[in-house]
Amino acid sequence: MVSLTVLNLILYNFLEHHIKWAIIFNCWNMNTQVELTEILMANNVYVQLWNINRLKLEVNINGHYVTHNSPHIGIFFDFNCAKSDKVLNKTSQEKLFTDRFHWLIYDDNSNVTKFRQQFKHYNMAVDADVNYVFPNQALLNSEHNFSYLLYDVYNNGYNLGGKLNMTHDKEIICSRKQCELKEYLSTLHEKSKYENRWYLGDMKMRVSTVVTKLPFTEDPEKILNFLASEDHKHIDGVARFGFGYLMILKDTLGCDFAYNFTNAWSVTLTEGGIFGAMTIEQTAEIGSSPLTLARGRFPLAQPTIAMGNFRQVCIFRTPRNSGIRGEVYLKPFASIVWIFLVAIITMTAILLWITFKVEASKLKIYLRFIPSLLTSGLIAFGSACCQGSFLVPRSMGGRVAFFSLSLLTFIIYNYYTSIVVAILLGSPVKSNIKTLLQLGESNLEMAIEPIPYTKMYINTSNDPAIRSIVRNKIQPLKDPQSIWMPIKEGLHRIHDDPGFVYVTDTFASYDLIERSFTAQEICDTNEILFRPEQLLYEQMHRNSSYREFVKIKQLRILESGVHRRHEGKWIKKRLHCYLSSGVLLQVGLEYTAPLFIMMASVYGLVIILLLMEICWFKYWKGVNVARFMTFGKN
């Protein structure tokens, strides 16, 4: 019969680990089970009991005997029952020694050697929460007080070469009423569980490694050297960024890696590539490269930490014949300002015309001719354009009016010209194409960098803009495969052919652009997001025993600043346009064309008016000759 001190030991251990739902695997009599149930229920610990010797091992223990939605379940297991060994073997096969279950394994015979021999072959992991407890057979004070020794048990990963680790934790004294801690037998209590399991030196973690620019059937040493190098960052940028970060993580884990190679992040959203290897196939614990989040992946994997931004962009230089842009000459003033300016010039022209009339008729000031209203308008307009005037009023009032107009228009003219020059020379020329849908409907030629995740996105995305790209840019091609162009060739086309569009990720393009484009050409580039900007996350299987452990390691890397330094070496946020670097900027035809068109239009109008004046002169000359001839006959 199990003593009451053992029942109190169970309660003490479960309360210490904040257990609210417990499963008891035992082979006790009914009275003992009822007594344990009453003790646990009195302390708000709900309990479910199973007789070990009656368990059906043909069914899964997880899902049939261990079924509950609670995120943390306490399991008591009697190590001395007849079928205990078989049940534990079944438990190991189903990988139930995980963080979700807190195991309290009680050995009344104190056979530590047997326990060690049996458990060193069990499939345990680094997050296992297993306590092995047994009586030390030393009575204290009275025959009703017993001393129990408790071990912390885990394995860094038996299937990955890990060794069983058993550490003395504490000694507990139990009476018929309660249990209490006597002493700690190690320093386990001074650190968290994962801090006590900080290094994984006795195991070899499996890593699914992605590489696209080399055949993954190539010599592994050659592939690893390529991924670890920092030369030519535009080649497999995302994969090599992730691999470099993985090498930092490897140093903090303290274990070796076993690499298996693939040429894709995933074939579908959840299958194939490194994602499928971590989740469905379970041939790897971790992937060498971060991935973007997707709704369909959440049931299988969970992100650990954000590693950087992923941006795919459509890059092109502004086409010089993309259209005439004359609005820059109207930008300095709002519409109401232009209206008032025209009204002031018109009113001044009328005032000048009246002034000249008054000077000639009333003030008897000699003028060679009296200007017409149109001439007065030209004088006012010429003054507004700071061109002066060949005729100035001679009266004091007329000169004051003319001076006020000249002063007003001088200030406005200088402000206007300053703003126009600043607009033309102070900012690069940009295209009117601002969205991916506009790009898909434009006549610009396009090419795409041949990357597996880009091909998958084009084939699976339901975005109307992407479907427009496929419909207008890919399907009309005689050879649809010609849309895929290597990055060096694509950026060379961007450089030499303004208006050519190339789709690539910023990992690959920014470094090459900064090294091969001039400052003016960089300022001339346009960017349109090819897909929504996303964060890259390291992702692991949702039920991986290493998920929380790796997450803590990554947080330590982040806090130390190593992550930021590594990210800065590989990820550029944007292309910088340095307009103040002394580069000679040129105003293109798209801005100056309106001026030439306006000049040509005015000259055309002048020619038409000249021809009309010639015709009118000839007409009146003919009329006058006819009148003279008629007068002579009379």
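This text gives an overview of the structure that appears in the document. (Residues numbered from 1 in each chain as written. Predicted model: local features only at pLDDT ≥ 70, side-chain atom pairs only at ≥ 80, totals over all residues. Heavy atoms only, no water.)

Details of the packing of helix H16 (residues 487-496) against helix H17 (residues 506-516)
Operational definition: Only the stretch in contact is used when fitting a helix axis, every axis being a line fitted to C-alpha atoms; angles between N-to-C directions are given from 0 to 180 degrees. In DSSP terms, a helix is any run of H or I states spanning at least four residues, a strand is any run of E spanning at least two, and both are numbered starting from the N terminus. Any angle from 65 to 115 degrees is called roughly perpendicular, while one under 35 is roughly parallel, one over 145 is roughly antiparallel, and all others are oblique. Handedness of a crossing follows from how the near helix is turned relative to the far one, being left-handed for an anticlockwise turn of less than a right angle and right-handed for a clockwise one. Pairs of residues are marked as contacts when any of their non-hydrogen atoms sit within 4.5 Å. Under the convention adopted here, Pro, Cys and the residues Ala, Val, Leu, Ile, Met, Phe, Trp and Tyr are nonpolar, Asp, Glu, Lys and Arg are charged, and Gly plus all remaining residues are polar.
Contact geometry for H16 and H17: axes closest at 11 Å, N-to-C directions at 50°. Overall, the two elements H16 and H17 adopt an arrangement that is oblique. Viewed along their axes, H16 and H17 form a crossing whose handedness is right-handed. Where H16 abuts H17, its residues Ile487, Lys488, Leu491 and His495 lie against Ala508, Ser509, Leu512, Ile513 and Ser516. For the contact of H16 with H17, a count of residues per class yields five nonpolar, three polar and one charged.

Quick word on the nonpolar core
Cut-off, in case you're wondering: In this description, a nonpolar core means a group of buried Ala, Val, Leu, Ile, Met, Phe, Trp, Tyr and Cys residues linked to one another through side-chain atoms lying within 4.5 Å. Burial classes: relative accessible area under 20% of the type maximum marks a residue as buried, over 50% as exposed, and values in between as partly exposed (1.4 Å probe, protein chains only).
Counting 38 residues, the largest nonpolar core has Leu200, Met205, Leu253, Trp265, Ile286 and Tyr546 as its most contacted members. Contributions of two or more residues to this core are made by strand S9 (204-210), helix H8 (237-253), helix H9 (273-278), strand S13 (301-310), strand S18 (534-541) and helix H19 (547-560). Examining the composition of this core, we find that seven residues originate from one element, H8, more than from any other. Filtering out sequence-adjacent residues up to four positions away, Leu200 remains in contact with Val126, Asn156, Met205, Leu253, Gly254, Cys255, Tyr546 and Phe549.

Quick look at helix H1 (residues 4-16)
Going by this rule: Expected span of a helix: the number of residues minus one, times 1.5 Å.
The terminal C-alpha atoms of H1, which comprises 13 residues, lie 18 Å apart, in line with the 18 Å expected from a rise of 1.5 Å per residue. Extensive coverage of H1 is indicated by the burial of ten of its 13 residues. Among all positions of H1, only Leu4, Thr5, Val6, Leu7, Asn8, Leu9, Ile10, Leu11, Asn13 and Phe14 are buried. One or two steps after H1, the chain reaches His18, where phi turns positive at roughly 60°.

Observations concerning unusual backbone geometry
Phi at Ser110 takes a positive value of approximately 55°, unusual for a residue other than glycine. Structurally, Ser110 can be placed in the loop between strand S4 (101-106) and helix H5 (112-119). Judged by its relative accessible area of 22%, Ser110 is partly exposed. Positive phi values are uncommon outside glycine, yet Asp236 reaches one of about 55°. Summarising the element assignment, Asp236 is placed in the loop between helix H7 (220-228) and H8.

Things to note about the state of the cysteines
Under the convention used in this document: Cysteine sulfur atoms that pair up within 2.5 Å are treated as a disulfide.
Across all of its chains, the model carries two disulfides by this definition. There is a disulfide in this structure between Cys27 and Cys81, and the S-S distance comes to 2.1 Å. Across the S-S bond linking Cys27 and Cys81, the dihedral sits near -90°, which makes this disulfide left-handed. Within this pair, whereas Cys27 is found in the loop between strand S1 (21-26) and helix H2 (30-42), its partner Cys81 is found in the loop between strand S3 (73-78) and helix H4 (84-93), the two being separated by 54 residues in sequence. A relative accessible area of 7% places Cys81 in the buried class. A sulfur-sulfur separation of 1.9 Å characterises the disulfide bridge that pairs Cys174 with Cys179.

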